[in-house]
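Per-entry structural report
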Amino acid sequence: MPHQNQTNLDVVVNGQPTVVEGSVNAPLRSIIEKALEQTGNTGQPPDSWEFRDAAGQLLDDTKKIGEFVGVKLFLNLKAGVGG
Amino acid sequence: MSVAADQAKSARQRPDQYVEPSVSRTKFDREVGEYRALEEEYLSRGWVMTHASFPLVRVMMCAAQLKPPAVIVEVELDFTNYDAEPPSVTLVEPFTHRPYKADELPTILKRTVGAPAGFLPPGLPVGSMVNIQAQQPLMQPPNDPDGLPFLCIAGVREYHEHPAHSGDLWELHRESGAGRLARVLEVIHKYGVEPIADYQVQLALSVTGFIQSSFPE
């Protein structure tokens, strides 16, 4: 059970679901490191990842976590440098 | 199986499995299982898994945002030797599974890239502010004329086998999830399907005569 001001978020990291606890007042990006750690995706820094919703829309990870309560969050590795 | 699909199957060269099959199969099952767990969400994006039997996964990608929706491409991933090797990724025709040649691709996955930091075109004074962007296709043509176009991102077997990427080993990316099924599909959707805004229609008009208001006596 999260503490007051804490909440649980459903995060899908590269297709693998996990639940991450975060402060409702912290930016969404603050949970990236924890989500990666919990799913064993340790090879790339948090900046290499981006959040999308179930419909595939890019999410602003500077917004507060409180705005994403109840939203299934898809954390995906960016394409990186091609060619 | 249709003749075209049969030809497509026989024409493909599949690698031999040298990794203990149960290892690759277990990891393959994990990829497919995780996809199945989120299948409703993926379906809402227009993704339809049409085949999942080791070592192949095929996912049809549709532009669900269009009215009516359109099938854009089918993605085939070959998990042979996964994850000692990354999956092979091929864009194929949705109803025959025949791989697209470079000049047949329905999408080349264009992405916008900025100029390298500090880049200044000749002629501009030092300190000038420039905003240069270019479009780069993530689907690259093959080296040899008989080859297939390949998805040029880390985590894809064809990328790591390409001579130009000999310094960027798969082992450097394996722990990042770069070769995961969902990640590869996300990239193809992001650059190949999501940007499609509408149908492009071309009408060819030709004058065949005149409409007369009357026919005088």
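Summarised in this report is the structure supplied together with it. Treat the numbers as computed from the prediction; the structure is a model and nothing was measured. (Residues numbered from 1 in each chain as written. Chains lettered and ligands numbered in written order. Predicted model: local features only at pLDDT ≥ 70, side-chain atom pairs only at ≥ 80, totals over all residues. Heavy atoms only, no water.)

Take the nonpolar core next. All names here are of chain B. Grouped together as the largest cluster of nonpolar side chains are 45 residues, with contacts concentrated most on Leu 151, Leu 185 and Ile 188. For this core, the elements supplying multiple residues, two or more each, are helix H2 (21-37), strand S1 (47-53), strand S2 (56-63), strand S3 (70-78), strand S4 (88-92), strand S8 (150-151) and helix H5 (181-193). The element that contributes the greatest number of residues to this core is H5, accounting for eight residues. Apart from the residues lying within four places of it in its own chain, the contact partners of Leu 185 are Tyr 35, Trp 47, Val 59, Met 61, Val 75 and Leu 77. (Core = buried A, V, L, I, M, F, W, Y, C linked by side-chain atoms within 4.5 Å. Buried < 20%, exposed > 50% of the residue type's maximum accessible area, 1.4 Å probe, protein only. Helix = DSSP H or I, 4+ residues; strand = E, 2+ residues; numbered from the N terminus. Contact = heavy atoms within 4.5 Å.)

With that settled, consider the interface of chain A and chain B. One widely used convention gives an interface's size as the accessible area the parts lose upon coming together. Tallying the contact residues gives 26 residues for chain A and 26 residues for chain B. Summing both sides of the interface, chain A and chain B together bury roughly 2,100 Å²; the carbon and sulfur share of this comes to 46%. Our count for the chain A to chain B interface comes out at three salt bridges. The salt bridge involving Glu194(B) is made with Arg52(A); its shortest N-O contact spans 2.9 Å. One can count 10 residue pairs in polar contact (both at pLDDT 80 or more) joining chain A with chain B. Every element with two or more residues in the side of chain A that touches chain B is listed here: strand S3 (49-52) and strand S4 (73-77) of chain A. Taken together, the residues that form the side of chain A that touches chain B break down as eight nonpolar, 13 polar and five charged. (Buried area = accessible area lost by both parts, 1.4 Å probe. Salt bridge = Lys/Arg side-chain N within 4 Å of Asp/Glu carboxyl O. Polar contact = N/O pair within 3.5 Å; in protein donor to acceptor, adjacent residues only side chain to side chain. Nonpolar A, V, L, I, M, F, W, Y, C, P; charged D, E, K, R; others polar.)

The values reported here are purely geometric and, on their own, carry no functional implication.
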